[in-house]
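# Summary of the model geometry
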Amino acid sequence: METEKGKTFRYLREKREVSQDAKDRLREFNRAKKEILGALKEKDMTVNELGKKLDRPGHEIMFYLMTLVKYGSVEAGDIDDMDEYFSYKLKK
Amino acid sequence: MSDEIRAASYDALVIGGGIAGGEAALDLANNGYKVLLVEKDLSIGGKMILLSKVFPTLDCAACITTPKVSEISRHPGITVFTGAEVTSIEKKGEREFETAVTKRPRYVVEEDCTACQLCEEVCPVVVHDEYQYRLVGRKAAFIPFSIASPRVAAIDIENCTLCGACEKACPPKCIDFTQETEKYIIKTGTVIVATGFKLFDPLKIPRYGYGVYKNVLTSMEMERQLAPTRPFNTILRPGDGKMPDRIAYVLCTGSRDDTIGNPVCSQICCMYSLKQAQLLMGALPMADVTIYYINIRSFGKGFEEFYEQAKGMGISFVKGKVGKITETETGNLILRYEDINENRVMEEEHDMVVLAVGVLPNTDPLSFFRNGELKADQFSFVDQAEVLSSPARTSVKGVFVAGTASGPMDIPDSILSAGAASSEAISYLKQ
């Protein structure tokens, strides 16, 4: 069994199966990421605007969007005239 | 799991690496005793390290905690096990305890990790970040939080897809998927239980809508939003990203309430709500903050002045119990409450509601001793056998309790309690 430094993941792959939940979560995040980045490529948007465009609830958009902000793909832009909603844009 | 059981001996075992356990360990080690500190989480620091500021001084919580955890980690007299749990303790005789400890694999060689976070960068998996109270995501290869101690990566194996990207990206090649659970038998002369408390789960009060209405938060979620290492760029509603204007606090959520089985006052909710309200007024100067309360219990040093300061800043106080919360189409929340001063039932609309959740006992330590020797009090906290004359003593001679394991208390009292526990432990060791 492979236990060479830098390749030990192969060792564990032989011993345990990756759960279906983990695979589903990965697929869902990738789908959401693709949708959000695609929408923001067209124009800057607020959470509500993204929710409407992508037909996803606001809290889901918030979670994925803030994760994309955390990992540097997206950044906060301007706030609206009512000082209520920020727009978000792709990080250049 | 490896079949090998490792043996080690120390003068003292401290269970729990929060502020009380850490303080007790430092006191013992500074007096020349060898200490093993066992923490079930991936970092020491407990709940305090995740707070924004502390009351009533509004000092930065991280600025107090970080030097302390750093001192604990570097102290030559303290060995820290993170990701480890006590499974049983047996008293063999006076100053002779045998404790079984299980240490989960981190899948990272701690000594070699440089915290470069390259593993985190390439990891494709995103799950809810428990250290940000699920408000944002984290990777399966991750450093728990920026001021974690040890600041070392870990692999969340339940969510890892074993793609190997982290291992390929790791410059010192410290990721090691061959690590297994380790079992230890630890011999010590004394034991300090500093296992802390649990927060009330507001799902147990469905009429408040937590979990259903996304703009109803717990106080710990708000604490994270107010911290410098916050999940969002500013204070935002998790439901739609709106910057809230009208924020309500519902005190005594899960405290002083027989209907949910916790008649005890949590002692900290009034003050942390006053603290958060003041911080919110600073972060959102145009916001209206209203606190719905039964009584404001500002009993400690400087607490009454802190309450007066909050009133002076324009925070509104409504004496009344909130009966129900409903949501409007815009995500706003309508609080139906009994105004005790006006003697009538009223309704008020807010953008966001914060539930000031209470303190519940952590009953884990009660199962450490096989025959139930470690007794609980009537509320299931660790019983203080001589609460007036020797509050750190438990029902087992040589086992002492520190911090909120024995009941609700604030940070200064937890630290005082840890001092008492370590002094008692030293006396016991010297007998």
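Residues numbered from 1 in each chain as written. Chains lettered and ligands numbered in written order. Predicted model: local features only at pLDDT ≥ 70, side-chain atom pairs only at ≥ 80, totals over all residues. Heavy atoms only, no water.

### Some remarks on the interface of chain A and chain B
A common way to state how big an interface is: give the accessible area lost once the parts meet. The partner chain B presents 44 residues to the 34 residues of chain A that form the contact. Surface buried jointly by chain A and chain B totals about 3300 Å² across both partners, of which 61% is contributed by carbon and sulfur atoms. The largest share of the area that chain A buries against chain B comes from F9, F63 and Y71 of chain A, three residues that together contribute 18% of it. Across the chain A-chain B interface, the total number found is four salt bridges. (Contact = heavy atoms within 4.5 Å. Buried area = accessible area lost by both parts, 1.4 Å probe. Salt bridge = Lys/Arg side-chain N within 4 Å of Asp/Glu carboxyl O.)

### Notes on the layout of surface pockets
Of the volumes computed, that of the second largest pocket is approximately 870 Å³. Considering the residues around the second largest pocket, the lining is formed by 31 residues, among which Y133, R134, L135, Y210 and E221 of chain B are closest to the centre. Those elements that place two or more of their residues in the lining of the second largest pocket are α2 (20–42) and α4 (58–70) of chain A together with β9 (126–128), β16 (216–218) and α5 (219–226) of chain B. Tallied by class, residues from the lining of the second largest pocket come to 19 nonpolar, four polar and eight charged. (1 Å grid on protein atoms, 1.4 Å probe; cavity = no way out; pocket = protein on both sides within 12 Å on 5 of 7 lines; lining within 4 Å. Points joined across faces, edges and corners; volume = space filled by probe spheres on them. Helix = DSSP H or I, 4+ residues; strand = E, 2+ residues; numbered from the N terminus. Nonpolar A, V, L, I, M, F, W, Y, C, P; charged D, E, K, R; others polar.)

### Side note on the domain arrangement of chain B
Residues and elements named next belong to chain B. For chain B, the assigned domains are domain 1 (6–104 + 181–196 + 362–430), domain 2 (105–178) and domain 3 (200–359). Each of domain 1 and domain 3 has a C-alpha centre, and the two are 32 Å apart. Of the residues lining the interface, 14 residues belong to domain 1; the matching set on domain 3 comes to 22 residues. The contact between domain 1 and domain 3 buries some 1500 Å² in all, and 76% of this surface belongs to carbon and sulfur atoms. For domain 1, the biggest contributors to the area lost against domain 3 are S52, F55 and P408; these three give 38% of the whole. On the surface where domain 1 and domain 3 come into contact, there are zero salt bridges. Connecting domain 1 to domain 3 are three residue pairs in polar contact (both at pLDDT 80 or more). Broken down by class, the residue content of the side of domain 1 that touches domain 3 amounts to ten nonpolar, one polar and three charged. (Domains from an automatic or database assignment. Polar contact = N/O pair within 3.5 Å; in protein donor to acceptor, adjacent residues only side chain to side chain.)

### Some details on the packing of helix α1 (residues 19–30) of chain B against helix α2 (residues 61–74) of chain B
Residue and element names in this part refer to chain B. Between α1 and α2, the shortest axis-to-axis distance is 10 Å and the interhelical angle comes to 50 degrees. Of the possible angle classes, the one that applies to α1 and α2 is oblique. By crossing handedness, the relation of α1 to α2 is classed as left-handed. Packed against α1, whose contacting residues are I19, G22, E23, L26 and N30, the element α2 presents K68, E71 and I72 at the interface. Residue composition of the contact of α1 with α2, grouped by class: three nonpolar, two polar and three charged. (Axes fitted to C-alpha atoms, helices over the stretch in contact; angles between N-to-C directions. Parallel < 35°, antiparallel > 145°, perpendicular 65-115°, else oblique. Left-handed = near helix turned anticlockwise from the far one by under 90°.)

### Side note on the nonpolar core
Grouped together as the largest cluster of nonpolar side chains are 79 residues, with contacts concentrated most on L65 of chain A together with I325 of chain B. Here the element with the most residues in this core is helix α6 (residues 269–283) of chain B; it accounts for nine residues. Counting contributing residues, this core receives three or more from each of domain 2 (105–178) and domain 3 (200–359) of chain B. Residues within four places of I325 of chain B in sequence aside, it is in contact with R207, Y208, Y213, V216, L333, I334, L335, V353 and L355 of chain B. Listed in part, the 63 residues of the second largest apolar core include I78, F97, A418 and I426 of chain B. (Core = buried A, V, L, I, M, F, W, Y, C linked by side-chain atoms within 4.5 Å. Buried < 20%, exposed > 50% of the residue type's maximum accessible area, 1.4 Å probe, protein only.)

### A few points about the side chain of E23 of chain B
Residue and element names in this part refer to chain B. One can find E23 in helix α1. Note on E23: relative accessible area 12%, which makes it buried. With residues near it in sequence (within four places) discarded, E23 still touches K68, I415 and A418.

### What about α5 of chain B?
All names here are of chain B. Most of α5 is tucked away: eight of the eight residues are buried. Regarding α5, the residues found buried are S219, M220, E221, M222, E223, R224, Q225 and L226. Turning to α5, the residues buried within the fold contact β4 (53–54), β15 (197–199), β16, β17 (246–253), α6 and β22 (352–357).

### Topic: α1 of chain B
All names here are of chain B. Between its first and last C-alpha atoms α1 spans 16 Å; for twelve residues at 1.5 Å apiece the expected length is 16 Å, and the two agree. Judged by how many residues are buried, α1 sits mostly within the fold: ten of twelve residues are covered. Of the residues making up α1, those classed as buried are I19, A20, G21, G22, E23, A24, A25, L26, L28 and A29. Looking at the buried residues of α1, the elements they touch are β2 (12–15), β3 (35–38), α2, β6 (78–81), β14 (190–193) and α8 (411–430). Positive backbone phi, approximately 90 degrees, marks G32, located one or two places after α1. (Expected span 1.5 Å × (residues − 1).)

### Considering the environment of I247 of chain B
All names here are of chain B. Here I247 lies in strand β17. The exposure class assigned to I247 is buried, which follows from its relative accessible area of 0%. Along the backbone, I247 and V353 are 106 residues apart, and their C-alpha atoms lie at a distance of 5.8 Å. Leave out the neighbours within four places in its chain, and I247 touches L280, L284, D288, V289, T290, H350, M352 and V354.

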